[in-house]
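Inside the fold
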Amino acid sequence: MMRARLTYVPLEVADQFEDFIIHRDEQILDAVKARTKDYSTLSLLKLLYQLRGNPMTFSDLYSKSKIRMKKSFLNYLHLCVDYKFIEKEAVGANVIYTITEKGRVMLNLFMQKNDYVC
């Protein structure tokens, strides 16, 4: 059985993936404090969702993902890179992260669920 976890979720992500939200608490700037289920999948989706429009630096992706524990963020980021959902490229002093086609497919599988009507 999966335990519910309290976490911060970017507003857009919370709206897009409502199935992961058990209960919304207070809103803080562009995030909502929420009790969630299936935390690991939601954390992967947070990363992919942020990269869907534009590549980002490590710092931007970390702050916009709202994964507050840096070690957890790194674990999910490395998982996404290992599974080739995200690519990283050194550009000068920065590392730029980009969603791959495989990452878009993964993200779209969860986004389409909300559009599907039985």
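In this report, we go over the structure that sits alongside the text. All figures in this text were calculated on a predicted structure; none of them were measured in a lab.

Moving on: the sheet that holds strand β5 (residues 86-91). Sheets are built from strands paired through backbone hydrogen bonds, the pairs being either parallel or antiparallel. The strand order β4-β6-β5 describes an open sheet built from three strands, whose pairing is antiparallel. Each edge of the sheet is formed by a strand with only one pairing partner; in this case those strands are β4 (56-57) and β5. As paired elements, β5 and strand β6 (residues 94-99) share six bridges and run antiparallel to each other. Note on β6: the bridge partner recorded for Lys-88 is Tyr-97.

Attention shifts here to unusual backbone geometry. At Lys-66, a position not held by glycine, the phi torsion is positive, near 65°. If you trace the backbone, Lys-66 turns up in the loop between α3 (58-65) and α4 (70-82).

Turning next to the packing of aromatic side chains. Any two aromatic rings considered together are summarised by their centre-to-centre distance and by the angle between their planes. Summed over the entire model, instances satisfying the criterion amount to five aromatic pairs. A centroid spacing of 6.2 Å and a plane angle of 20° characterise the contact between Tyr-83 and Phe-85, whose relative ring orientation is stacked. Owing to a relative accessible area of 47%, Tyr-83 belongs among the partly exposed residues under this scheme. In this structure Phe-85 comes out as buried when scored by relative accessible area, which is 11%. Each residue in the set Phe-58, Tyr-62, Phe-73 and Tyr-97 is aromatic and connected to the rest through ring pairs, giving one cluster. One residue, Arg-52, lies across the ring of Tyr-49, its end atom 3.8 Å from the ring centre. The side chain of Lys-70 reaches across the aromatic face of Tyr-62, ending 5.1 Å from its centre.

Let us look at the pattern of salt bridges. The tally for this structure, following the rule as stated, stands at two salt bridges. The closest approach of N and O atoms between Glu-12 and Arg-52, which form a salt bridge, is 3.1 Å. Taken as a pair, Glu-12 in helix α1 (residues 11-16) and Arg-52 in the loop between α2 (39-51) and β4 lie far apart in primary sequence, 40 residues in all. Judged by its relative accessible area of 48%, Glu-12 falls in the partly exposed class.

So, about the nonpolar core. Phe-17, Leu-47, Leu-61, Ile-86 and Leu-107 are the most contacted members of the largest nonpolar core, which totals 30 residues. Listing elements by their share of this core, those giving two or more residues are α1, β3 (31-36), α2, α4, β6 and α5 (101-115). For this core, the leading source of residues is α2, giving eight residues. Aside from chain neighbours lying at most four places away, what touches Leu-61 is Leu-47, Gln-50, Leu-51, Met-56, Phe-73, Leu-77 and Tyr-97.

Further remarks concern α4. When the terminal C-alpha atoms of α4 are compared, their 18 Å separation across 13 residues agrees well with the 18 Å that a helix rising 1.5 Å per residue should span. Turning to α4, its buried residues are Phe-73, Tyr-76, Leu-77 and Cys-80. Projected down its long axis, α4 carries its buried residues within an arc of 100°, all on one side. The exposed set on the far side of α4, more than 90 degrees from its buried face, consists of Lys-71 and Asp-82.

What counts and what doesn't
- Residues numbered from 1 in each chain as written.
- Predicted model: local features only at pLDDT ≥ 70, side-chain atom pairs only at ≥ 80, totals over all residues.
- Heavy atoms only, no water.
- Pairing = 2+ DSSP bridges.
- Helix = DSSP H or I, 4+ residues; strand = E, 2+ residues; numbered from the N terminus.
- Phe/Tyr/Trp six-rings, centres within 6.5 Å; stacked < 30°, edge-to-face > 60°.
- Buried < 20%, exposed > 50% of the residue type's maximum accessible area, 1.4 Å probe, protein only.
- Lys NZ or Arg CZ within 6 Å of the ring centre and 35° of its normal.
- Salt bridge = Lys/Arg side-chain N within 4 Å of Asp/Glu carboxyl O.
- Core = buried A, V, L, I, M, F, W, Y, C linked by side-chain atoms within 4.5 Å.
- Contact = heavy atoms within 4.5 Å.
- Expected span 1.5 Å × (residues − 1).
- Arc of directions from axis to C-beta.

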